Amino acid sequence: MYRVWISIFLLCAAVTEGGKVLVYPVDGSHWVNMKVLIEELHSRGHQVAVFRPRDSWYIKEKSRFYTSIPLDHDSGFDEEFVSRFAFKLLKIQQDGLSFWVHYELMMEAIKNFAKLHEKSSNLLEALLENKNLVKSLKEENYDLVLTDPGVPAGAILSHYLKIPLVFNVRWAGKGDGHFVLAPSPLSYIPMTGTEFSDKMSFLERVVNMLVYFLGEYQFAKHFAPYYSDIINKYLGTEMDYNSILQAADLWLMRVDFVFEFPRPTMPNIIYIGGFQCKPAKPLPEDLEEFVQSSGEHGVIVMSLGTIIGALPGDVANNIAAAFARLPQKVIWRHTGDRPTTLGNNTLLVDWMPQKDLLGHPKVKLFVPHGGTNGVQEAIYHGVPILGMPLIFDQRDNVLRIVARGAGKIIRFSDLTEETFYKDLQEVLTNPSYRSNMQRLSRLHRDQPKTPMDTAIFWLEFVMRHKGAAHLRSESFKLSWYQYHCVDVMLVLATAVILTVGLVASFIRCLCARVCHRTKRKHD
């Protein structure tokens, strides 16, 4: 009986010691990652409250893992906006990836992201103007704000409420979150969208630098201004968009260096790549039966994520026809019209337990769109990839797998029945792809703690110590010319010039005096 009372006491102690976490999320696939952390925080006795905009897509109003805080405004990141935007990008690149196609993609992205930031800033301003809501948030005494810096609203709110700030991050407005915080030499760190590796030629380095400066200009002109007035009004003129992000206590980065190219980092960047991965659970009975029916040939899993479930008809028919020529069985998440060329070996599903399928020993190949989650899950389970990147960062993600010899990439604009079939055959029959991916899997798993345990430890660390300022660089308080020591170089250059000038003047005077004495002697 005493053991029961001890257990109850320990359970109560865990609950009472739990922290209070305020979450300002970004919807869509970003929420999928955030939800995994929220569920784990809840399981460890922490209380979680989540802002839920009026146009929420994935974020449910009711959950046993969190309490929702409804907001009577749109975030702009709703299903219709994302699906329409993604499909437009898909159509633009269907005819190839020429210079003009790249330009059109860039302009379409700028236009749509500007709309997103406009709505996001309006939502934030309405929240801050709601005095009753702000008062209740202050009275709750939250231990930290957990947010995604894809939009800065959560970071601005955190600074306004004076609550420690933690990012669940891969992207931060400008692109890869590292570029906001860590030194990022453009000589070997490729910009998102360039599709370069960390081994760049001279011409690639030129392009990489041009892309960087173009991105900085676009961000400063099209996105950051939406938040300038809000920042000045609520935080003061000494803060700006970049300094608000750089002042965060902790960055939980959703990659690791098994996946990412080596690069400089910072003490408050904690790498949790693959934190959502777990050992595979048994498949549903009907799915297990289909997988087992593949015999020695095994199974191919294909999923292009939640944004683009349906492909253009001709593309879907080419994919189905190539699959039909294979001896393997295929499980394909496809929500569009049934392809006319579909073979008997292919099962179409609206949803699949992707993590559990990838962990099944009969799965031989994964055909993803190249999202970070799917790529990390493939690494965790050691399944080689034939990536079919469509939009956003997906090409860069697949490129990192290609650079390590663990998969191939097929461009959407190059996809025909024959090219797709040929690439499928190569990855399936060449054992190097599988052995390289399994090597990455071993490297990823060989850690003293799981990525999830690491993430939770650092979240609780911030709660226990009311922040992690000792890990944060003070560089965000410096202006650009101070950060790059332009002022120091100018002072040193001036000192050198003055010294050289004085020495030269002294030598000139000395020479003049010697010449004068010599002349007098001759006279």
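Heads up: the structure comes first, above all this text.
Quick notes on the rules
Residues numbered from 1 in each chain as written. Predicted model: local features only at pLDDT ≥ 70, side-chain atom pairs only at ≥ 80, totals over all residues. Heavy atoms only, no water. Patch = residues over 30% accessible without salt bridge, like charges linked within 9 Å, V, L, I, M, F, W, Y side chains within 5 Å. Areas by Shrake-Rupley, 256 points an atom, 1.4 Å probe, with all protein chains shown as cover. Salt bridge = Lys/Arg side-chain N within 4 Å of Asp/Glu carboxyl O. Helix = DSSP H or I, 4+ residues; strand = E, 2+ residues; numbered from the N terminus. Polar contact = N/O pair within 3.5 Å; in protein donor to acceptor, adjacent residues only side chain to side chain. Contact = heavy atoms within 4.5 Å. Axes fitted to C-alpha atoms, helices over the stretch in contact; angles between N-to-C directions. Parallel < 35°, antiparallel > 145°, perpendicular 65-115°, else oblique. Left-handed = near helix turned anticlockwise from the far one by under 90°. Nonpolar A, V, L, I, M, F, W, Y, C, P; charged D, E, K, R; others polar. Buried < 20%, exposed > 50% of the residue type's maximum accessible area, 1.4 Å probe, protein only.

1. A few points about a nonpolar patch on the surface
A cluster of nonpolar side chains, contributed by Phe202, Leu203, Val206, Val207 and Leu210, occupies part of the molecular surface with about 490 Å² of accessible area. Turning to its location among the elements, Val206 is positioned in helix α8 (residues 202-223).

2. Notes on the side chain of Arg170
With respect to the element layout, Arg170 can be found in the loop between β5 (165-169) and α7 (178-181). Within the local environment of Arg170, its side chain forms a polar contact with the side chain of Asn397, the two groups lying 3.1 Å apart. Those residues in contact with Arg170, other than ones at most four positions away along the chain, are Gly175, Asp176, Gly177, Met253, Arg254, Val255, Phe259, Glu260, Thr372, Asp393 and Asn397.

3. Notes on the packing of helix α12 (residues 313-324) against helix α16 (residues 417-429)
Here α12 crosses α16 at 45°, and the two axes come no closer than 8 Å. The orientation of α12 with respect to α16, classified from their angle, is oblique. Seen from above, α12 lies across α16 with right-handed handedness. Seen from α12, the contacting residues are Asn318, Ile319, Ala321, Ala322 and Phe323; seen from α16, they are Glu417, Phe420, Tyr421 and Leu424. Looking at the contact of α12 with α16, its residues break down into 7 nonpolar, 1 polar and 1 charged.

4. Some details on the pattern of salt bridges
Per the stated rule, a full pass over the model turns up 19 salt bridges. A salt bridge links Lys408 to Glu426; the nearest nitrogen and oxygen atoms lie 3.7 Å apart. Of this pair, Lys408 sits in strand β13 (residues 407-409) while Glu426 sits in helix α16, and the two are 18 residues apart along the sequence. When its relative accessible area of 29% is taken as the criterion, Glu426 is described as partly exposed. Several salt bridges converge on common partners, so that one network encompasses Glu40, Arg44 and Asp453.

Interpretation note: all reported values are geometric properties and have no functional meaning in isolation.
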